[in-house]
2 protein chains.
Amino acid sequence: MNLPIPHSITSVSSDCLAAFQNRFGAQFSVAMAVREQHGRDESAFSVPPPEAVLFAQSTQDVSDALALAHKFNWPVIAFGVGSSLEGHLLAVKGGLSLDVSRMNQILAINSEDLTVTVQPGVTRHQLNDFIKSEGLFFPIDPGANATLGGMCATRASGTNAVRYGTMRENVLALEVVLATGEVIRTGTKAKKSSAGYDLTRLMVGSEGTLGVMTEITLKVYPLPDAINAAVCLFPSLSDAVNTTIALIQMGVPIARCELLDKNTVKIVNKHSHLNLPDGDMLLMEFHGSPTSVQEQIEMVQEIANQYLAISFQWASTPEARTQLWTARHNAYFAGVQSRPGCRVITTDCCVPISKLADALLISVEEAQLSAIPYFLVGHVGDGNFHLGYLIDPNDDDERARAEALNHKVVTRALSLGGTCTGEHGIGLHKMDFLKSETGLGAVNVMRLIKNALDPKNILNPGKIFNEL
Amino acid sequence: MNLPIPHSITSVSSDCLAAFQNRFGAQFSVAMAVREQHGRDESAFSVPPPEAVLFAQSTQDVSDALALAHKFNWPVIAFGVGSSLEGHLLAVKGGLSLDVSRMNQILAINSEDLTVTVQPGVTRHQLNDFIKSEGLFFPIDPGANATLGGMCATRASGTNAVRYGTMRENVLALEVVLATGEVIRTGTKAKKSSAGYDLTRLMVGSEGTLGVMTEITLKVYPLPDAINAAVCLFPSLSDAVNTTIALIQMGVPIARCELLDKNTVKIVNKHSHLNLPDGDMLLMEFHGSPTSVQEQIEMVQEIANQYLAISFQWASTPEARTQLWTARHNAYFAGVQSRPGCRVITTDCCVPISKLADALLISVEEAQLSAIPYFLVGHVGDGNFHLGYLIDPNDDDERARAEALNHKVVTRALSLGGTCTGEHGIGLHKMDFLKSETGLGAVNVMRLIKNALDPKNILNPGKIFNEL
C-alpha cells in the first residue's frame, strides 16, 4: 500500500548496532522474526520492520538505550503489545523498537489512597487480576489487553470512560525518560496540584514522541457494591442513539453505555457463540449502591421505553457480565475474522452528545451503501463511535473508498464541534485531520514543544505531525 | 520586604508607550492610580506597579497588544480581578498589566451538552447567576469571586473539587493568544479526545507564562435534584480529620467536605455574624437524587459517630446553605480583618488522603505554638488545606517565622507524597518548593517549553521558575 507520508528509512550504522549489542547482549535482537513481530500493529499500514528490537527490563535500560540512540541519531519507538490501531508502532523512519513488555511489575498498591504504581508493560488485565483481591479495579478498558504504557501514550479510554474518565483523568504521576536518556518525574500522589506546567497530561497522549514512560501512578476505584448490566434491544439504531442522548443529558451516572448495530450483533454472535437478540442494541452497566443502581435502572428503563425499547435482558451475575463484555471487547476481532484476510480501517470520531445522532446515523447509512463489510461499535455515552471498514488489503479501490468514508465521518464530526479521534490517537493515519481539527497554529505549537524536548527527532518520528 | 528573586524592572521605551497609546487610546493608561490598582494582589509581596495598564475588550485587542509588546520586548501580565495569593500578578520585571476584566461576555450556553463558552473576564459568580435559570451550575469555587481566566491560569479548585474535579478536569477547549500575538485554538466540544498533545491542559495552570486565554469552554452540571448541607461538630481536630479520611476511603460521593478549626470558627462567626457552634468542625454538602443524598448522609453520620461527632446541624434551605458557604468563602477575608493591617502568608499543600492527619495536625500545632495569629481552612476531602499566617508586614521577624512554618508544612507534605500547591499555583512564592517537589529535570522541561513558546520571555516573566 501507499503510505500517506514520506517513507525514508535511515540506515543504522554498524557502530550503533555494536554499541547496543555491547551494552545489552541478548536483550538486543536484529533477528528478522523478532523485527517483523515488532513491525506491525492493528492498523492497515504495511512498512518495513524496525532495524532492531531491544527488550528493556528497567528504567536504567530505557535510559541507557535512549542515551545511545541519541548519540547515534537513531529513531526509537516504544512498544507494548502492538495493539495500536493507527500505525503508532511502525518504523516509518527506521530505528529501534524499544519493547517494554518485560517491565511488567506492579510496584505499589495503595488501597488507602486508591492509587497504584506500575511499570509500563503491565497490561490492564494483569492489573485488574492483581488488585481484585484488594477490592479495587482500574476502569479504563480499550478493547485489546493493551499495556498501561501504550494506554498512556494514546490517552486511551473505552467502555467505562463515560463514568470514570479516560487516561487523561486517571494518571496521577509519571516517571519518563527523555530523548537524551535523562529521567524525570511528573506529578505526585496527591489528588490535585497546581505545581507548574501539567507535564503529566502533556506526556499522556504524546504517542511516544516526547519521552518513554517507565513508571505510571494511576487512580483505581473500589469495586462497586452493586453492579447490574443489561442488553436493551431497540426497533432502530436511531431509537438506541436517542435513548443514549437522553440518558446522558438527564445526568444518569451510567458506567457503560455501548452501541452495537444489528450487523455487528450478527458478527459478534457468530464469533463469540452468543445468542444476543437480533437487532440494534445498547449494552449498559450500572455501578453504585444497591439503591442507586436500582434508581439508575428505573430512569434508563423509562427513557428507553419512550424510544420504544423492545426488551431488557439482564446480566446480573458476574459470569453473565464477563461473557457480555468479553463479547463486546472482541467485536473488533470478530469483525476482522468475519472477512478472512481483511485489514481494518477504523473511524474514531467523538462529538458532543447532542450531535451524536447527526454524526452517527448518516455515517452508518454511508457504510451500508458502500457495500464494504463493516462493523459498528460505540462508546456512545461519550459521543464516541467506531466504524470498522473491513477491507481487502490488496484492493486499492476498496481501500480508497473506505478512506473516503472515513474522511466523510471525520469531516462531519469536526463540523459538529467534535474530534477526529476520541481514543485511538493520531499516529500515521490522522495527521491531516489533526490540522483540520485544531488548526495549523496549534499543530505548530505541538511541533515547537516536540523540537524543544527532542531536537534530534529520535522519539517515534513521523507520527502526530508531518515533518517541519 | 525582600523578594526571594532578582527584581529588575525594565524601563519601557517612549516608542513602545506611544505605539500602545496610538493603537488603544483611552483603553491604555499610565496613570499611577490605575497602575497601583494593578500592582498588588492578595499575596504578602510588595513590588513597584506595572508601567502601564491596558483594558482589553476583544481577542483582537489581546493579539495586537501581544504583537506590540513582543516587538518592544515588553513584559505582559494578564490580570482579572487581582485575587492571586502567590504574587502572580506582580510586575517583578516591569511591563504591562493586560486587564481582561472587560472581556466578560458569556458567549454560548449549550445546555444539551452541558458546556458554556466564556470570555476570560467572566467571574464565577457572574457565570453561575447567568446559567442558574437553565438549571445549570459551574462548581469550581476558589474563595474569591475570581475570573475564569484567572482560575484557568492557576488550575484553581475549591470546595466542590472533591466531587467535580478542578479546572484541570473542567476545561474542554481554549482560544489562546501566544507571545507573538498569534491566536490558536485547543481542544473541541467533545467530551474526550486523543488528538495530539493536550495543549488545553498545558495552558491550564501555566500562570500566564505561555499565552493569554481569550475564550474558555467549560463543562457545567445540572443543578442536583436534592442538596443538603450540614455542620458537624467534633470534640477534636483529629476526629474531624479522621472522619474525612474514612468517608473518602469508603467512596462516599460527597460534594463538599470542608474543615474549620475552632480558632477559625471564632473568626468566621465574628466576621459573618454567625452562630456556628464553638469547636472543630466539618462543613459538608451532599448532591444527588433524594434517595442518594439520604444514603450519603446516613453513611457519613455513621462514620462521624464513630469519631464521636457531637452534633449535626442541617442547612436544608437554599438560604441557609448560601449563608453557610458564604461564611466559608469569606474565611480568608475574615482572617485578614481579624488582625487589622496584616498580610497573609498562605500554605496550600495537598497530600494523599491517607496522609492527611500526618500532614495537618502537627502543622496546626506548630501554628498554635508560634503565637502568630492564623486561620485554618481545608478542602480536606481532597487532602488540601490552608493555614493562613496573619503577619504584620512591617515585622520582618514575624514574616520570617511564618515563612519557616510554611517551609515545614511544605517539606512535610512533600515527604508524604504530596504537592506544595493544591490550587493556588507557584507564582513568586513557591519556586524553590517546585524544584524540591518535581526535581530539576522536570523544571528544566518546563523551561524548555516556556522558551520554545515565548523565547523573548515576555509573558509573565519571573513566575513559576527562576531565570535560566
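Note that residues are indexed from 1 along each chain, following the sequence as it is written. Each chain is given a letter, starting from A, and each ligand a number, starting from 1, according to the order in which they appear as written. Reporting in this predicted model follows two pLDDT cut-offs: at least 70 for local features of residues, and 80 or more for side-chain atom pairs to be given and counted; totals over whole chains, interfaces and linings ignore these cut-offs and use all residues.

A. Up close: the overall build of chain A. Each helix and strand counted, chain A has 16 helices and 18 strands in total. A radius of gyration in this sense is built from C-alpha atoms; the matching globule rule multiplies 2.2 Å by the number of residues raised to 0.38. Taking 23 Å as the expected radius of gyration for a compact globule of 468 residues, we find that chain A reaches 22 Å, a close match to that expectation. C-alpha extents for chain A along the principal axes are approximately 70 × 55 × 45 Å. With C-beta atoms placed from the backbone, a residue counts as buried when 20 or more other C-beta atoms lie within 10 Å of its own, as exposed when 12 or fewer do, and as partly exposed for counts between those limits. By the burial criterion, 59% of the 468 residues in chain A qualify as buried. What counts as a contact is two residues whose backbone-derived C-beta atoms lie within 7 Å of each other. Taking as baseline every contact in chain A between residues at least 6 positions apart, the subset at least 24 positions apart corresponds to 72%. Here a strand is any run of E in DSSP of at least two residues, a helix any run of H or I of at least four, and the numbering for each starts at the N terminus.

B. Local environment of the domain arrangement of chain A. Residues and elements named next belong to chain A. Domain extents, as shown, originate in an automatic or database domain assignment. On domain assignment, one finds that chain A holds domain 1 (106-222) and domain 2 (226-415). One C-alpha centre belongs to domain 1, the other to domain 2; they are set 26 Å apart. Listed by partner, the interface residues are 8 residues for domain 1 and 13 residues for domain 2.

C. Main features of the interface of chain A and chain B. Listed by partner, the interface residues are 70 residues for chain A and 70 residues for chain B. Residue assignment for the side of chain A that touches chain B shows that the elements contributing at least two residues are α7 (167-170), β9 (183-186), α8 (199-203), α11 (290-306) and α16 (431-453) of chain A. No other element matches the 13 residues that α16 of chain A contributes to the side of chain A that touches chain B. A class-by-class count of the residues in the side of chain A that touches chain B yields 25 nonpolar, 29 polar and 16 charged. Under the scheme applied here, ten amino acids are nonpolar (Ala, Val, Leu, Ile, Met, Phe, Trp, Tyr, Cys and Pro), four are charged (Asp, Glu, Lys and Arg), and all others, including Gly, are polar.

D. Main features of the nonpolar core. Formed by 300 residues in total, the largest nonpolar core has its most connected members in Leu-98, Met-281 and Tyr-389 of chain A together with Leu-98 and Met-281 of chain B. Ranked by residue count, the leading element in this core is helix α16 (residues 431-453) of chain B, at 9 residues. Those residues in contact with Met-281 of chain B, other than ones at most four positions away along the chain, are Val-231, Cys-232, Leu-233, Phe-234, Ala-240, Leu-260, Val-265 and Leu-276 of chain B. A set of buried Ala, Val, Leu, Ile, Met, Phe, Trp, Tyr and Cys residues, joined through C-beta atoms within 7 Å, is what we mean by a nonpolar core.

E. Structural detail: the environment of Asn-110 of chain A. With respect to the secondary-structure elements, Asn-110 of chain A resides in strand β5 (residues 106-110). For Asn-110 of chain A, a count of 17 C-beta atoms within 10 Å gives the class partly exposed.

F. Summary view of the relation of the copies chain A and chain B. Alignment of the copies relies on least squares applied to C-alpha atoms, considering only residues that score at least 70 for pLDDT in both. Once turned by 180 degrees and shifted 0.0 Å along the axis, chain A lies on chain B with an RMSD of 0.0 Å. The relationship between the two copies is best expressed as a two-fold rotation axis. Of the interface residues in chain A, 100% have counterparts in chain B that sit at the interface too, so the contact is made through matching surfaces.

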